[in-house]
Amino acid sequence: MASTRARVSLACFAFIAAYLTSHWYQKYISTTYIVCSKSQNIYTVHPSTPNVQCISVRDSRIVATGSLGSVLSRVPQNWITASLNALTRPEIKYIPENAIVVPGLADGHAHIMHNGYMKQLPLNSAKSVQDVVDLLKHYIDANPVMRNDRSLWIEGMGWDQTKWSGGSFPAASDLDRDPLLKGRPILLQRIDGHAQWVSPVVLEMMGTLPEEVEGGKIVRGSDGKPTGVFVDNAMKLIPAPAMTEEKMDVYFKVTMQEALSTGLTSIHDAGSETPQIGFFKRKAERGELPMRLYLMGSSQRDDYWGNEIPRLINYGKHGRLDVRSIKLFSDGALGSWGAAMLRPYSDKPDTSGFLLASPKHFHEMITRFHDGGWQVNVHCIGDRANHVILDIFEELLRGRANISEWRHRIEHAQIFDPSDLERIGRLGVIPSVQPTHATSDMWYAEDRLGPERIKGAYAYKTLLSSSPENVLVLGTDFPVEGVNPLLTFYAAVTRLSVDGQSPHGQGGWFPEQRLSRSQALKGMTLDAAYASFAEHELGSLVPGKKADFVVFDRDIMKVPVDEILQTKVIATVVDGEVAYGKLL
């Protein structure tokens, strides 16, 4: 009898040992874990359970949320795992006491390649033309190849004349006064990408220029000659060098590293042209996208190009690439007086800005893309641009019972006539805004627009209130603004500069347009997911959704506002795997 018991015990031990080393068990135990907060500081962005103690992750998905006991009860059990509960229980990872977990953050409007491009020669710190010249000289001195070959193009981005004394545009001649710069091809993009400043040698390359450019401007001096600044469509005249595959790879890696380190798990790239889409597609196929990318196809062409870009949904090795939307530009930017206004600018009454094409052209293009099944996202800054595009959307969507099927968007949604603030909501068109634009522009926006028109500008709380789906997408437009999504969160809830100031004092610029912290977090998570047709997969921490989340070292939902920007990322998790930092 004893020997029989021994044989049975030995057999059971062997079976259990085989089970514990089996492929199934090892895979299960290595891909299942539980993240817990003793303070219940896991913010789900789900109305019925806004805060939970724990989330359980298996492979790439969340399988349970709630108390530790309830989450453990959801772990699959059989007679072996039940008897070996202590051995099979998933690893429990407790976040630090003051830390929090939020859903993976999305940037609803950004430019991946331009961010990397700007990093090679950033000019946003310049407070004068001379500062720009000094930055260029330092860049050349730091690059021996550039210093020794005067034929190489020098490209930079970030200058902003509104920060300079006088606020006037620079000139090509400014880039030829220093011997180190003289005779070099130089191309410098304004911070918003809607104006470019070139050197005299580039002007010579361009030859005879047209007197006027539809949807653009060749800035001219009192003598009628081009000064070297080109706005919007006029920039197409500049023979800029193409972005190579090697450069795209460098720009991509720079942006991905920065984005993950600040808690982004998803980016809506607001203008990917065909070469860039091809680059992202190859990255996706090789499993080299570290986060989710929602691309808005774009083109310099004036005719329909929807059949020249691929339609991709959850594409690639990890299913992280989507191309189902397109981006059109209706006008320019406020900073370069290119935003299309219904009335002249208050500080420059000789212009009202301009549309980049005729309303008829926009009607034809938007209709074709809509009929082709594309989500149509249109850049609109000025009140005239917003009015014209809303006219088109209203005609297009008239009588449609399910407007959420298309989810067309207005990117920036910056300045509105009061009646159009109501109309965008009534039509169900999604506003996609950048709160840091408000806090960057607030120092000159009222001078540019006047005391009445400014009331319909940067009206984020009004836009959210008018939305039938209660959706307001938040982003940065990086590199126009910084990549860090906490800059967006801070600007949305305070309407203050990073040093706590505003033209209206420490209560914020037009404080009635501030968002609550819950509204801001939703705009950076679930609302962005909705605007990319992914609300059933992303944007909140609920069972069945993708396990994308961020661990911050402090509670941004409760700390004093002046501590929000001191917050650091402990871990950024995509598909259940740590993409930056570490889970304790």
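Residues numbered from 1 in each chain as written. Predicted model: local features only at pLDDT ≥ 70, side-chain atom pairs only at ≥ 80, totals over all residues. Heavy atoms only, no water.

**Some details on the domain arrangement of the protein**
- Considered domain by domain, the protein is made up of domain 1 (29-104 + 540-583) and domain 2 (112-237).
- On a C-alpha basis, the centroid separation for the pair domain 1 and domain 2 is 48 Å. (Domains from an automatic or database assignment.)

**Side note on the packing of aromatic side chains**
- By the definition in use, this model includes 13 aromatic pairs.
- With a centroid separation of 5.7 Å and 70 degrees between ring planes, the pair formed by Phe279 and Phe280 is classed as edge-to-face. In this structure, Phe279 and Phe280 share a single accessibility class: buried.
- An aromatic cluster is defined as three or more aromatic residues linked by ring pairs; in this entry it consists of Trp159, Trp164, Phe169, Trp197 and Trp337. (Phe/Tyr/Trp six-rings, centres within 6.5 Å; stacked < 30°, edge-to-face > 60°. Buried < 20%, exposed > 50% of the residue type's maximum accessible area, 1.4 Å probe, protein only.)

**As for helix 10 (residues 245-261)**
- Over its 17 residues, helix 10 runs 24 Å from end to end, which matches the ideal 24 Å to within 8%, given 1.5 Å per residue.
- The inward-facing, buried residues of helix 10 abut helix 6 (112-120), strand 14 (264-272), helix 11 (274-285), strand 15 (292-297), strand 23 (569-574) and strand 24 (577-581). (Helix = DSSP H or I, 4+ residues; strand = E, 2+ residues; numbered from the N terminus. Expected span 1.5 Å × (residues − 1). Contact = heavy atoms within 4.5 Å.)

**Observations concerning the nonpolar core**
- Ranked by size, the top nonpolar core spans 109 residues in total, and within it Ile267, Leu293 and Ile389 carry the most contacts.
- It is helix 13 (residues 383-397) that contributes the most residues to this core, eight residues altogether.
- Three or more residues apiece are contributed to this core by two domains, here domain 1 (29-104 + 540-583) and domain 2 (112-237).
- For Ile389, the contacting residues outside a window of four places in its chain are Ser330, Phe362, Ile366, Val378, Cys380 and Ile410.
- In terms of nonpolar packing, the next biggest core, distinct from the first, is built from 24 residues, Leu136, Ile154, Trp164 and Trp197 among them. (Core = buried A, V, L, I, M, F, W, Y, C linked by side-chain atoms within 4.5 Å.)

**Some remarks on the pattern of salt bridges**
- Applying the stated criterion across every chain yields a total of 33 salt bridges.
- Where Arg320 meets Asp575, a salt bridge forms, and the shortest distance between an N and an O atom there is 3.0 Å. Of this pair, Arg320 sits in the loop between strand 16 (312-315) and strand 17 (321-329) while Asp575 sits in the loop between strand 23 and strand 24, and the two are 255 residues apart along the sequence. Accessibility classification places Arg320 together with Asp575 in one group, the buried group.
- Across the salt bridge formed by Glu422 and Arg426, the nearest N and O atoms sit 3.1 Å from each other. Residue Glu422 and its partner Arg426 are both found in helix 14 (residues 418-427); the two are separated by four residues, about one turn of the helix.
- For Glu422, a relative accessible area of 43% gives the class partly exposed. (Salt bridge = Lys/Arg side-chain N within 4 Å of Asp/Glu carboxyl O.)

**Here's the deal with the packing of helix 6 against helix 10**
- Between helix 6 and helix 10, whose axes approach to 8 Å, the crossing angle comes to 95 degrees. Between helix 6 and helix 10, the angle falls in the class roughly perpendicular. Within the contact between the two elements, helix 6 uses Ile112, Met113, Asn115, Gly116, Tyr117, Lys119 and Gln120 and helix 10 uses Met248, Tyr251, Phe252, Val254, Thr255, Met256 and Glu258.
- When its residues are assigned to classes, the contact of helix 6 with helix 10 shows eight nonpolar, four polar and two charged. (Axes fitted to C-alpha atoms, helices over the stretch in contact; angles between N-to-C directions. Parallel < 35°, antiparallel > 145°, perpendicular 65-115°, else oblique. Nonpolar A, V, L, I, M, F, W, Y, C, P; charged D, E, K, R; others polar.)

**A look at the state of the cysteines**
- Applying the stated rule across the entire model yields one disulfide.
- Between the sulfur atoms of Cys36 and its disulfide partner Cys54 the distance amounts to 2.0 Å. Taking the torsion about the sulfur-sulfur bond, which here is approximately 110 degrees, the covalent link between Cys36 and Cys54 counts as right-handed. Residue Cys36 is located in strand 1 (residues 32-36), and its partner Cys54 is located in strand 4 (residues 54-58); the two are separated by 18 residues in the primary sequence. (Disulfide = S-S within 2.5 Å.)

**With respect to the environment of Met243**
- Of note, Met243 is situated in the loop between strand 13 (226-232) and helix 10.
- A relative accessible area of 29% means that Met243 is categorised as partly exposed.
- When neighbours within four sequence positions are excluded, Met243 is seen to be in contact with Met113, Met248, Tyr251 and Gln276.

**Examining the sheet that holds strand 4**
- What the four strands build is an open sheet, ordered 5-4-1-6; its pairing is mixed. If you trace the sheet from one side to the other, it starts and ends with strand 5 (61-66) and strand 6 (91-94), each paired once. Across this sheet, the average inter-strand angle for adjacent strands is 25 degrees, counted without regard to direction.
- Pairing geometry for strand 4 and strand 5, over five bridges, is antiparallel. Opposite Val57, over in strand 5, you have Ile62 as the bridge partner. (Pairing = 2+ DSSP bridges.)

**Observations concerning unusual backbone geometry**
- With an omega dihedral of 15 degrees, the bond running from Phe478 to Pro479 counts as a cis peptide bond.
- Relative to the helices and strands, Pro479 resides in the loop between strand 21 (473-474) and helix 18 (485-494).
- Phi is positive for Tyr458, close to 55 degrees, though the residue is something other than glycine.
- With respect to the element layout, Tyr458 can be found in the loop between helix 16 (445-449) and helix 17 (460-466).
- Residue class for Tyr458 comes out buried when judged on its relative accessible area of 0%.
- Phi is positive for Asp575, close to 55 degrees, though the residue is something other than glycine.
- Under the relative-accessibility criterion, Asp575 is labelled buried at 8%.

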